[in-house]
Amino acid sequence: MKQLFYIFISFILLYACTPDGKDLQAPEILSAGEQTCPLNCQEFTPGGLIEFAYLFRDNVELGNFNIEIHSNSDHHTHGTEAGECEHEHEEEHTGTPVNPWVFNRDYPIPSGQTQYKAQVRIPIPEEVDEGEYHFMIRVTDAAGWQSIRSVAIYLSSSSHSL
Amino acid sequence: MIKALLAVLMLYGAQDSSLVLGPAEIYGESHRQELMHTTLGSIEVGRNYLENNFSGTLIQSLSAIPGIQARNIGSGQSHASIRGLWGHRMVIAVDGIKHEGQQWGEEHGLEIDPLGIDRVELIKGPSSLLFGSDAVGGVLSLFTNYLPTRSFQGRAQLNFRSNNLSTGVSAHLEGRKEHFFWRMHLGGTLYADYRVPTDSIEYYSYRIPLHKRTLRNTAGREENASLMLGYVGEQLRNDFKVSVNDSKCGFFANAHGLEVRLSKINYDASRQDIDLPWQQVTHLTLHNHTHYHADRVLLEGDVAWQMNHREEHSEPVPHGYMPLPPDELERSFHKHCLTGKFGVTIPLSGQNRLQGGIDIEWQHNRRGGWGFILPDFETLSAGIYLLDRHCFSDELYIHAGLRYDPTWTAIHAYTDWFPTPGDEGKSIYKQRAVESKRHFDPFSWSVGVVWGPERWVLKGNLGKSFRVPSPKEMGADGVNYALFRYERGTADLLPEESYQMDLSVNWLGESLQVSLDPYLNYFPNYIYLNPSPAFEEGLQLYRYTQASVLRTGAELTIMYKILQRLELELKGEYLLARQMDGAKKGYSLPFTPPWGGNAGLTYRFSEEGYVRLDFRFAGAQNDIVPPEKATEGWYTLNFYAGKAFQSGRTTLKLGLRAENLLNRRYYDHTSYYRMIGVPEPGINLSLLLGIHF
């Protein structure tokens with residue numbers, strides 16, 4: 001009985017009091033300064049280009065990142081940033097999607113990185129529905145923590161930006 | 001020997017004899033008998049305890065017992081966790097039959113009427129020997145089969161809760177005429193969105209304002225009905241029971257799983273309505289139990305059929321390559337479970353009691369809806385067991401047993417209903433689950449000793465339990481829309497095995513009673529859903545893997561009778577879990593409860609009246625694993641009072657509870673809504689009115 005007790009105690013001491021190298025922090029999605037793109041409520045043109053640029057940072061090691069773009073013609077909101085943006089011609093671009101743009105791609109981050117400036121050129125197809133889209137940025141670290149950032153973008157052929 | 005047989009008989013024929021008077025228990029000879037009954041740490045509570053501690057759901061009502069935790073899904077649904085193990089890692093049995101719903105779901109509650117239960121027995125520790133697969137963490141055994149003693153008797157109850165404006169009604173009628181008896185139970189609860197002590201919720205740096213501090217769309221309702229018809233003779237008892245449980249409840253509207261979402265539904269229009277997303281479950285049980293006592297041999301047989309139908313509805317939203325779904329039915333599950341049990345108890349010599357039997361269970365599960373997570377499957381298992389109890393004296397016995405559970409699982413294929421663009425511009429309908437058949441041959445065993453000299457009851461148990469991998473763990477391959485992540489099963493998982501050593505030290509003094517239940521638990525191949533750094537279809541990939549896990553912990557209960565009418569009760573629990581290898585080596589397991597407990601002071605102002613002040617607390621949980629959040633420690637102050645008024649055969653019961661009196665804002669680490677940053681309910685006053693006749 002006494003021995004069993006010592007086993008319990010030593011196990012508890014061993015694991016409760018030993019500092020270990022566990023990663024308990026999720027990675028961060030940060031602005032890439034002037035180049036940061038897309039910004040919330042930014043407008044783009046079908047047939048144009050999104051020059052994605054964000055900075056990822058982790059305390060131990062970054063994992064992968066993913067970019068997913070889907071139509072928000074029904075105005076559902078995921079929002080970390082994505083919210084209501086005001087655009088011209090909004091009324092005519094709200095409703096049932098006909099040919100919504102769906103983009104979904106994973107990107108590796110070279111191993112061993114704690115900081116990584118992600119830059120991706122994403123061509124926008126010509127024949128896609130105009131209107132509001134959600135641009136989702138997801139990044140993981142090697143331990144399996146994930147951070148999400150959602151940015152609202154707007155596609156319009158009459159866009160005067162870019 | 002005779003004593004042991006009597007104990008078995010008492011289990012079936014007894015009235016509510018447990019001496020559980022108020023929120024606190026009074027120990028005595030019966031408590032000693034309960035402790036001596038099993039070699040594992042065990043706790044029994046009766047109907048009185050459940051009524052006095054009624055906190056909305058059955059599991060919440062039991063959560064003050066050290067070693068059992070309620071994992072809440074809002075205010076009206078919760079499921080149980082024994083020492084941090086839940087879902088398929090523990091068994092909930094109703095009158096000896098394993099309750100079968102969709103236990104794998106983190107947001108699925110329990111389909112059992114909390115007010116229709118006569119007695120609860122909690123067995124902490126490996127119990128596969130009695131219940132086969134899943135009984136790794138322990139068993140919460142519920143009994144609804146007490147015999148009526150009079151030709152007509154009954155009880156009715158009315159309860160109100162302020163926090164979620166819940167109103168509950170239940171009526172129980174029963175009677176016995178010579179050898180025949182009947183029991184009928186009806187109950188219903190209606191509740192509104194619950195109130196939290198905060199104006200807004202922060203999730204992924206997104207601020208969700210709350211209307212009037214209520215959690216949008218967490219209202220719900222539940223109805224229960226059951227009827228039991230029985231015969232009880234000198235040697236034979238047979239009871240047949242039909243019961244149905246139906247519930248519907250909403251999910252918090254602004255965040256479902258890991259995703260924040262807003263919709264055009266005006267959730268703030270009413271606190272009472274249930275909008276999308278919501279879940280609805282109907283559970284039907286037919287159960288026949290036969291008990292025949294022939295001379296010295298005891299024969300028992302059970303036949304049961306359970307039907308569980310679950311639907312989860314949400315607003316159709318296109319995701320990734322999935323177009324706009326045609327309707328709101330995100331997932332549905334329709335399960336049938338047939339159980340047959342046969343057992344024999346034979347006293348061999350003067351000291352030996354041999355028990356053997358066979359348990360057969362067949363499960364059939366079908367899915368529906370546009371969200372795929374669990375493939376269709378059938379499972380057949382046949383458990384054969386042999387147990388022996390050898391009594392050296394009235395104070396000392398050993399108990400040993402062996403069980404073999406051959407199990408066959410057939411998983412069906414599933415293919416997406418929408419195409420996904422593949423390589424070279426070709427679209428394919430992705431196959432999510434592959435047809436497969438698995439066979440398992442798990443053995444379980446247990447050896448235990450109970451020694452009860454004078455005021456001590458000392459128990460020790462060493463046992464192996466197992467769990468057959470669930471079809472979800474083997475066959476999942478798709479987006480879990482409820483939790484917004486991609487889950488992938490592993491087809492060749494081995495049955496999860498668990499070895500556990502339990503000790504139980506109990507001192508039953510005149511004015512002081514102490515119970516300490518430590519345990520050490522080792523899983524060579526715990527089935528763990530590992531969040532990986534990879535992505536799949538835009539969502540983080542979670543994969544089922546197997547890792548060795550070591551867990552240890554203890555529960556402590558101290559009861560001290562300061563004065564004749566004044567009692568102090570201290571309860572505490574601690575659990576430490578470590579993954580010893582694999583991708584998350586060094587990490588804990590998800591939903592591991594922090595250390596915690598409660599301290600209560602009860603004053604009995606009369607035979608049937610008490611007031612109690614209760615301080616409930618939990619430490620911080622920083623021992624986390626992705627995607628969990630560290631949770632700060634918390635405490636709540638609670639006040640309870642109750643009084644019974646007797647007039648002839650009629651008893652009027654009045655109960656008052658005030659939970660979280662200080663309206664503290666805190667997070668429960670094991671609650672479903674914890675991960676989206678939703679605090680627990682604020683101040684809650686409840687009133688209970690009961691009449692027994």
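Participant: What am I meant to see in the overall build of chain B here?
Facilitator: Check the secondary structure of chain B and you find 6 helices and 42 strands. A total of 693 residues make up chain B; the buried ones form 63% of that total. Of all intrachain contacts in chain B linking residues separated by at least 6 positions in sequence, the fraction that spans at least 24 positions is 67%.

Participant: For this particular structure, what's the right way to read the overall build of chain A?
Facilitator: Of the regular secondary structure elements, chain A holds 1 helix and 8 strands. Moving toward the C terminus, one meets the helices and strands of chain A in the order α-β-β-β-β-β-β-β-β. Expressed as a percentage of its 162 residues, the buried residues of chain A come to 49%. Carbon and sulfur atoms make up 53% of the accessible area of chain A, which totals about 7900 Å².

Participant: For this particular structure, what's the right way to read the sheet that holds strand β8 (residues 138-143) of chain B?
Facilitator: Each strand in a sheet pairs with another by means of backbone hydrogen bonds, the pair being arranged parallel or else antiparallel. Residue and element names in this part refer to chain B. With respect to topology, 5 strands assemble into an open sheet ordered β1-β7-β8-β5-β6, the strand pairing being mixed. Each edge of the open sheet is held by one strand with a lone partner, namely β1 (41-46) and β6 (97-98). Pairing analysis gives 2 bridges linking strand β5 (residues 91-94) to β6, with the strands arranged antiparallel. Bridge pairing in β6 places A93 opposite K98.

Participant: In this structure, what is going on with the sheet that holds strand β4 (residues 85-86) of chain B? I would like to understand it.
Facilitator: Residues and elements named next belong to chain B. Strand order in the open sheet made by the 3 strands is β2-β3-β4, with antiparallel pairing throughout. Two strands close off the open sheet at either side, each with one partner strand: β2 (68-73) and β4. Here strand β3 (residues 77-82) pairs with β4 via 2 bridges, running antiparallel. Residue pairing in the sheet places S81 in a bridge with W86 of β4.

Participant: I tried to follow the pattern of salt bridges on my own but got confused; where do I start?
Facilitator: In a structure, side chains of opposite charge can pair up when their charged atoms sit close to one another. All names here are of chain B. Following the criterion strictly, the structure yields 47 salt bridges over all chains and no others. The salt bridge partner of R237 is D239, with a shortest N-O separation of 2.6 Å. For the residue pair R237 and D239, the accessibility class agrees, reading buried in each case. A salt bridge links D359 to R403, with the nearest nitrogen and oxygen atoms 3.3 Å apart. Pair noted here: D359 is in strand β21 (residues 352-368) and R403 is in strand β23 (residues 396-404), with a separation of 44 residues, a long-range link. Summarising the burial analysis for this pair, D359 and R403 share the class buried.

Participant: Could you clarify how one ought to interpret unusual backbone geometry in this entry?
Facilitator: Backbone geometry follows two general trends: most residues other than glycine have a negative phi, and most peptide bonds adopt the trans configuration. Cis peptide bonds are those with omega within 30 degrees of zero, and the linkage from A:C37 to A:P38 qualifies with 0°. Here A:P38 shows up in the loop between β1 (28-30) and β2 (42-44). In this model, B:L276 is joined to B:P277 through a cis peptide bond whose omega is -5°. Tracing the sequence through the fold places B:P277 in the loop between β17 (259-260) and β18 (278-294).

Participant: How should I be thinking about the side chain of B:E312 in this particular structure?
Facilitator: Residues and elements named next belong to chain B. Mapping E312 onto the fold places it in strand β19 (residues 297-313). The class of E312 is buried, set by a relative accessible area of 3%. Dropping the residues within four chain positions of it, E312 is found in contact with E107, H108, W278, Q279, E328, L329, E330, R331 and F333.

Participant: What am I meant to see in helix α2 (residues 29-37) of chain B here?
Facilitator: It helps to recall that an α-helix has 3.6 residues per turn; residues three or four apart then point in one direction. Those residues of α2(B) that sit buried are B:H31, B:R32, B:E34, B:L35 and B:M36. Looking at the buried positions of α2(B), the neighbouring elements they touch are β1, β23, β30 (443-451), β31 (456-467) and β34 (496-508) of chain B.

Participant: How do you make sense of the nonpolar core when you look at a structure like this?
Facilitator: It is characteristic of soluble globular proteins that their nonpolar side chains tend to be buried jointly. Residue and element names in this part refer to chain A. In this structure, F52, F56, F65, I67, W101, I122 and F135 are the most contacted members of the largest nonpolar core, which totals 27 residues. Elements supplying a minimum of two residues to this core: β3 (49-57), β4 (62-71), β5 (103-108), β6 (115-123), β7 (131-141) and β8 (146-155). Those residues within four positions of I122 in sequence are excluded, and the remaining contacts are G48, L49, I50, F52, I67, I69, W101, F103 and F135.

Participant: Which parts of the structure should I look at to understand the confidence of the model for chain A?
Facilitator: Do not read the fine detail of predicted coordinates wherever pLDDT is low. Model confidence for chain A is summarised by a mean pLDDT of 80, while 70% of its residues fall at 70 or above. Here helix α1 (residues 2-16) of chain A is the element of chain A with the lowest mean pLDDT, 56, and β3(A) is the one with the highest, 96.

Participant: In this structure, what is going on with the side chain of B:R161? I would like to understand it.
Facilitator: Its place among the elements puts B:R161 in strand β9 (residues 153-161). With near-sequence residues (within four places) excluded, B:R161 lies in contact with B:F54, B:S55, B:G56, B:S166, B:E659, B:N684, B:L685 and B:S686.

Participant: What's the story with a nonpolar patch on the surface in this structure? I'm lost.
Facilitator: All names here are of chain B. On the surface, F152, L158, F160, V169, F645, L652, L654, L656, L687, L689, I691 and F693 cluster together into a nonpolar patch covering about 930 Å² of accessible area. Within the residue set of the nonpolar patch, elements represented by two or more residues are β9, β41 (650-659) and β42 (684-692). Structurally, I691 is set in strand β42. The exposure class assigned to I691 is partly exposed, which follows from its relative accessible area of 32%.

Participant: For this particular structure, what's the right way to read the pairing of β31(B)?
Facilitator: A regular strand carries its side chains on alternate faces of the sheet. All names here are of chain B. Among the 12 residues in β31, 10 count as buried, and that is most of the element. Where β30 meets β31, 7 bridges bridge the pair, whose relative direction is antiparallel. From the neighbouring strand, W445 faces β31, where its bridge partner is K464. Hairpin connection, β30 to β31: the antiparallel pair is bridged by 4 residues, and E454 has positive phi, about 50°. Relative to β34, β31 is paired through 12 bridges, and the arrangement is antiparallel. Its bridge partner lying in β34, F466 is registered against E497.

Participant: Would you take a moment to explain the packing of aromatic side chains for this structure?
Facilitator: Geometrically, a pair of aromatic rings is defined through the distance of the ring centres and the angle of the planes. Residue and element names in this part refer to chain B. What the rule picks out here adds up to 26 aromatic pairs over all chains. Aromatic side chains F251 and Y672 sit 6.4 Å apart centroid to centroid with 50° between the ring planes, which places their arrangement in the tilted category. One end of the pair, F251, is in the loop between β15 (236-250) and β16 (255-256); the other, Y672, is in the loop between β41 and β42, with 421 residues separating them in the sequence. For F251, a relative accessible area of 2% gives the class buried. A residue is classified by how much of its surface remains accessible, and Y672, at 5% relative accessible area, is buried.

Participant: What is the right way to look at the environment of B:T189 in this model?
Facilitator: Structurally, B:T189 can be placed in strand β11 (residues 180-191). If sequence neighbours within four positions are ignored, B:T189 has contacts with B:S166, B:T167, B:G168, B:G220, B:R221 and B:E222.

Participant: Teacher, can you tell me more about the environment of B:Q33 here?
Facilitator: As for its position among the elements, B:Q33 is in helix α2. Along the chain, B:Q33 and B:V457 lie 424 residues apart, while their C-alpha atoms are 9.7 Å from each other.

Participant: Sorry if this is basic, but what is going on with the environment of B:Q621 here?
Facilitator: Residue and element names in this part refer to chain B. The topology assignment puts Q621 in the loop between β39 (609-618) and β40 (634-647). For the pair formed by Q621 and G633, sequence separation is 12 residues and the distance between their alpha carbons is 7.2 Å. For Q621, the contacting residues outside a window of four places in its chain are T592, P593, P594, A630, T631 and H669.

Calculation criteria
- Residues numbered from 1 in each chain as written.
- Chains lettered and ligands numbered in written order.
- Predicted model: local features only at pLDDT ≥ 70, side-chain atom pairs only at ≥ 80, totals over all residues.
- Heavy atoms only, no water.
- Helix = DSSP H or I, 4+ residues; strand = E, 2+ residues; numbered from the N terminus.
- Buried < 20%, exposed > 50% of the residue type's maximum accessible area, 1.4 Å probe, protein only.
- Contact = heavy atoms within 4.5 Å.
- Areas by Shrake-Rupley, 256 points an atom, 1.4 Å probe, with all protein chains shown as cover.
- Pairing = 2+ DSSP bridges.
- Salt bridge = Lys/Arg side-chain N within 4 Å of Asp/Glu carboxyl O.
- Core = buried A, V, L, I, M, F, W, Y, C linked by side-chain atoms within 4.5 Å.
- pLDDT = per-residue confidence, 0-100.
- Patch = residues over 30% accessible without salt bridge, like charges linked within 9 Å, V, L, I, M, F, W, Y side chains within 5 Å.
- Phe/Tyr/Trp six-rings, centres within 6.5 Å; stacked < 30°, edge-to-face > 60°.

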